[in-house]
Amino acid sequence: MKKFLFISILLGINSLSFSEEKLNSIKLDDTVVTSENSKETVGNISKNITILTAEEINERGAKTVAEALKYVSNITVKEMAGSDASFDMRGQGSTAVSNVLVMVDGVPINSIDQSGYKTSQIPIDSVEKIEVIPSGGSVLYGDGAIGGMINIVTKNPKEKTNYGNVSFTMGSYDLKEGQVTYGTTVGKKLLLELNYMDRKKEGYRSYQKDNLEAFSLRSKYLLDKGSLGFKYNYYKTKFKAPGYLTKAEMNEDRQQSSINGYRIDGNTEKNRFTGDYVYNIRRDLEFKFLGDFSKENYRSDQRNYKTDIIYLKPQVKYNYLEDNYLVLGTDYYRGKTNIENNSKNNSEIKKESLGIYVINNFNLGDFNFTQGYRRQDVKYKTSSNKFRDKTFKENAFELSGSYGYSDTGKTYLSYTRAFRSPNTDELGFWDPNNDFKSQKTDTYELGIKDYIGNVYISTSIFHIETENEIYFDKIKYRNTNYNGKTKRRGIDVSLEEYFGKLKLSQSVTYLHTEFENNKAIPGIPKIKGVFNINYQLTEKINLNNSWEYYGKMFKNDDLKNEGEKLDDYILTGINIQYKLNERFILEGGVKNLFNEKYYDYASYGSEKDSYYPAPERNYYGKITYIF
């Protein structure tokens, strides 16, 4: 009944109309920098792209990147009480952390192991927008973009002297967060911005803590024919993760921590340096260079490791015959992890890759065609005797065509071949009876973007087939490749309407998955829907109400679908913002308004299941001073 009511509301809104003056602000004209590493509009890209702007993130009261991405229907956010969130796009399941590429300003932040990416240290107030491109990025970014990519675009410094803001947030579970931003212009060409954030939070469960201190420097030097940018980010965290609970422990007290549930007490420290250079050689020829170096130290009572990563990406874009262009580029990646185990069985693992790619886009009347190809070699070397050195030689392809059948409407058809090599953790725990193979995925997508009856709609149907899918076999207790093909197919629907001061947005994703013997891939809801209501009550008061629906799903690791499914659930949140004047803003909200008891993560076991209970109803308040 809950599912029926939610989807009826979600899709029944469309019979209403909205004001014409809002049409120009709809998503078709939003720019995306992720697609070809240069600006392109949503309407011209043959993918069902979602863009979360800073305004939308702020209106919905999201306090982290993970909270913001919960409002995207084709992403399921997984958190495990104390660990950083992982983002499952289009049904990747338990390996989503390795199958979705996450970037900050175009630089991949995925680690070389299963620790994935850490987005909790990114101040949400510094985010300009978040670009979500399902089943995209394999040609431009290569290894790991199986499910798609997420690009977190941070704000550029402003051409303004002495500006910034100070904010303080308090909330449930002893949340206290302070943030200061200051920016200025030195001379006429050098733009600078500093940000400092300190956050302390005890967490929903006992033995849970998440303390973060982060600092960033962003600069941009304006050139006559381009720009030179530099960014420095530093953060350190101290955390406690309470681990899992059994069913019996859940029934006893869902907020407790069990000493048998793999509790972790640790800290992380990371330095990251990023530089970018853009030079317009002439009007039709642009050169871009992106470089990034990061150094991370992780220590816990389970294991310690140090990871260094360097990433270099030069690219040339040539515009020809008006709206046509050709992109040529290469990228180099080198990662090294030194692992110190409590057993003193230390090891060093290196991953090195070199890729070259070409993308061509040309128009023929109302038709647009894109072709892309990437060649990438990935090498692993290790001092451990757990696995031998390995080299993968991979290819990625993209073919797409679109037809503009009206001034606002466009339909498209695309094919993408993506790949993923095993990460270092998977290689180190591989089934010795099977050779290492990279995972290859073919995606076919048909979509449409248009205004229909004064409603913006973006919808697509997709079919995904994966060969040699990498998964963890709990019986053998080893990673291996699945011999047959796994399949995912479904539909994404996104709608947006305006009624004067009222803005409505809805999206729903239906996903059917097939693993071995037509079994569903575990850990994936068949339906996820998002419904958001935003109302500008007065010039000073803004109200926002969000709804998220998650369908039933098998627990993670239940490959044979033997266990019971997790129940479906609906989450509701309310956020209110009040502008006292041009400088002071007050904000407050409630998350999980109806106190739904659900799980961020649950895993199936032959003897016992494990659960990570999610927070119940919780509150927050924030005050911001702008100068």
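1. Brief notes about the overall build of the protein chain
And step 1. Looking only at helices and strands, the protein chain features 7 helices and 37 strands.
And step 2. Computed over C-alpha atoms, the radius of gyration of the protein chain comes to 24 Å, within 12% of the 25 Å expected from 2.2 N^0.38 for 627 residues, which places it in the range of a compact globule.
And step 3. With respect to the principal axes defined by its C-alpha atoms, the protein chain has extents near 60 × 50 × 50 Å.
And step 4. Residue burial in the protein chain is summarised as follows: out of 627 residues, 57% are buried.
And step 5. The contacts of the protein chain with a sequence gap of at least 6 include a subset with a gap of at least 24, amounting to 62%.
And step 6. When the accessible surface of the protein chain is totalled, it reaches about 27,400 Å², and 53% of it is carbon and sulfur.
And step 7. Taken as two groups, the 88 positive and 83 negative side-chain charges of the protein chain have centres that lie 3 Å from each other.

2. What to know about the confidence of the model for the protein chain
And step 1. Across the protein chain, the average pLDDT comes to 89, with 91% of residues at 70 or higher.
And step 2. Long-range and interchain partners of residues 3-26, a stretch whose pLDDT sits below 50, account for 57 contacts in this model, where long-range means more than four residues apart.

3. Description of the pairing of strand β11 (residues 175-186)
And step 1. In this structure, strand β10 (residues 163-171) lies alongside β11, joined through 9 bridges in antiparallel fashion. Note on β11: the bridge partner recorded for V166 is V180.
And step 2. In textbook terms, the turn of a hairpin is the stretch between consecutive antiparallel strands, and for β10 and β11 this stretch comprises 3 residues, one of which, Y173, has a positive phi near 60°.
And step 3. Examined bridge by bridge, β11 and strand β12 (residues 190-200) share 11 bridges and lie antiparallel to one another. The partner of E177 across the bridge, within β12, is R199.
And step 4. In textbook terms, the turn of a hairpin is the stretch between consecutive antiparallel strands, and for β11 and β12 this stretch comprises 3 residues, one of which, G187, has a positive phi near 70°.

4. Regarding the pattern of salt bridges
And step 1. Tallied over the entire structure, the rule returns 36 salt bridges.
And step 2. A salt bridge links E79 to K70; the nearest nitrogen and oxygen atoms lie 3.4 Å apart.
And step 3. The partly exposed category is assigned to E79, whose relative accessible area is 23%.
And step 4. Overall, the relative accessible area of 16% leaves K70 in the buried class.
And step 5. For E514, the salt bridge is made with R489, and the minimal N-O distance between the two is 2.9 Å. In this pair, E514 is assigned in strand β28 (residues 502-514) and R489 in strand β27 (residues 485-499), connecting sequence segments 25 residues apart.
And step 6. Residue E514 is classed as buried on the basis of its relative accessible area of 15%.
And step 7. On the accessibility criterion, R489 (33% relative accessible area) is partly exposed.

5. Focus on the sheet that holds strand β6 (residues 100-104)
And step 1. Ordered in space as β3-β8-β9-β6-β7, the 5 strands form an open sheet in which the pairing is mixed. Strands with a single pairing partner mark the edges of an open sheet, and in this sheet they are β3 (50-53) and β7 (107-108).
And step 2. Where β6 lies against β7, 2 bridges are found, and the strand directions are antiparallel. Note on β7: the bridge partner recorded for M103 is P108.

6. So, the environment of N162
And step 1. By secondary structure assignment, the location of N162 is in the loop between β9 (148-154) and β10.
And step 2. Its relative accessible area of 46% is what places N162 among the partly exposed residues.
And step 3. With 31 residues separating them along the chain, N162 and E193 place their C-alpha atoms 9.6 Å apart.
And step 4. Dropping the residues within four chain positions of it, N162 is found in contact with Y182, G183, T184 and F627.
And step 5. Polar contacts involving the side chain of N162 include one to the side chain of Y182, which spans 2.4 Å.

7. Comments concerning the side chain of N545
And step 1. The topology assignment puts N545 in strand β30 (residues 541-550).
And step 2. A polar side-chain atom of N545 sits 3.0 Å from the main-chain carbonyl oxygen of G573.
And step 3. In this structure, N545 is in contact with F531, N532, I533, T572, G573 and I574, ignoring residues within four places of it in sequence.

8. Focus on the pairing of strand β17 (residues 303-320)
Across a regular strand the side chains alternate sides, sitting on one face of the sheet and then on the other.
And step 1. The pairing of strand β16 (residues 285-300) with β17 spans 15 bridges and is antiparallel. Following the sheet pairing, R299 is matched in β17 by N304.
And step 2. In textbook terms, the turn of a hairpin is the stretch between consecutive antiparallel strands, and for β16 and β17 this stretch comprises 2 residues.

9. Some thoughts on the nonpolar core
And step 1. Core analysis: the largest hydrophobic core is formed by 28 residues, its most contacted members being I57, V65, L69, I75, F87, I130 and I150.
And step 2. Mapped onto this core, the elements with two or more residues apiece are α3 (65-69), β4 (75-78), β5 (86-89), β6, β8 (127-134) and β9.
And step 3. Counting residues per element, this core draws most heavily on α3, at 4 residues.
And step 4. Apart from residues no more than four positions distant in its own chain, L69 is found in contact with L52, I75, V77, F87, I130, V132, I150 and K528.

10. With respect to the environment of I533
And step 1. Relative to the helices and strands, I533 is located in strand β29 (residues 527-536).
And step 2. For I533, a relative accessible area of 25% corresponds to the partly exposed category.
And step 3. Those residues in contact with I533 that sit more than four places away from it in its chain are L502, K503, L504, L543, N544 and N545.

11. Brief notes about the side chain of S546
And step 1. You can see S546 is positioned in strand β30.
And step 2. Residue classification places S546 among the buried positions, given a relative accessible area of 2%.
And step 3. Excluding anything up to four places from it in sequence, S546 contacts Y71, F531, N532, L571, T572 and G573.

12. Quick word on unusual backbone geometry
And step 1. Positioned with a positive phi, D174 is a non-glycine residue whose angle comes to about 60°.
And step 2. Backbone geometry at L321 places phi at a positive 50°, although glycine is not the residue there.
And step 3. Looking at the element boundaries, L321 is found in the loop between β17 and β18 (324-341).

13. Considering the packing of aromatic side chains
And step 1. Overall, the coordinates contain 30 aromatic pairs when judged by the stated rule.
And step 2. Consider the rings of Y380 and F392, whose centres lie 6.1 Å apart with planes at 90°: the pair is edge-to-face. Residue Y380 is found in strand β20 (residues 367-382), and its partner F392 is found in strand β21 (residues 390-403); the two are separated by 12 residues along the sequence. Across the pair, F392 and Y380 agree in class, each one buried.
And step 3. One aromatic cluster is present, built from ring pairs that chain together F362, F367, F369 and Y403.

What counts, and where the lines are drawn
- Here the residue numbers are simple positions, counted from 1 along each chain's written sequence.
- Given that this is a predicted model, residues contribute local features only at a pLDDT of at least 70 and side-chain atom pairs are listed and counted only at 80 or more, while totals for whole chains, interfaces and linings are drawn from all residues.
- Note that water and hydrogens are dropped before the side-chain values are worked out from all heavy atoms of the structure.
- Helix and strand assignments come from DSSP, with helices taken as H or I runs of at least 4 residues and strands as E runs of at least 2, each series counted from the N terminus.
- With C-alpha atoms as the basis for the radius of gyration, the globule rule is written as 2.2 Å multiplied by the number of residues raised to the power 0.38.
- Burial classes follow relative accessibility: with a 1.4 Å probe on protein chains only, a residue under 20% of its type's maximum area counts as buried, one over 50% as exposed, and anything between as partly exposed.
- Only heavy atoms matter for contacts: two residues are in contact if any of them lie within 4.5 Å across the pair.
- Calculation of accessible area relied on Shrake-Rupley with a 1.4 Å probe; when residues are assessed, cover is drawn exclusively from the protein chains displayed.
- Think of it this way: Lys and Arg go in the positive column, Asp and Glu in the negative one, and His and the chain ends go nowhere.
- Charged side chains are reduced to one point each, which is NZ for Lys, CZ for Arg, CG for Asp and CD for Glu.
- On a scale of 0 to 100, pLDDT captures the predictor's confidence in every residue.
- Here a strand pair is declared whenever DSSP counts at least two bridges between the two strands.
- Only one rule defines a salt bridge in this text: a Lys or Arg side-chain nitrogen within 4 Å of an Asp or Glu carboxyl oxygen.
- Within 3.5 Å is the distance limit for a polar contact, defined as a pair of N or O atoms, with the added protein rule that one can donate a hydrogen and the other accept it, and that residues adjacent in sequence qualify only through two side-chain atoms.
- Note on terminology: a nonpolar core comprises buried Ala, Val, Leu, Ile, Met, Phe, Trp, Tyr and Cys residues joined through side-chain atoms within 4.5 Å.
- Ring geometry is summarised as follows: Phe, Tyr and Trp rings, the Trp one being its six-membered ring, pair when their centres sit within 6.5 Å, and such pairs are stacked at plane angles under 30 degrees, edge-to-face over 60 and tilted between the two.

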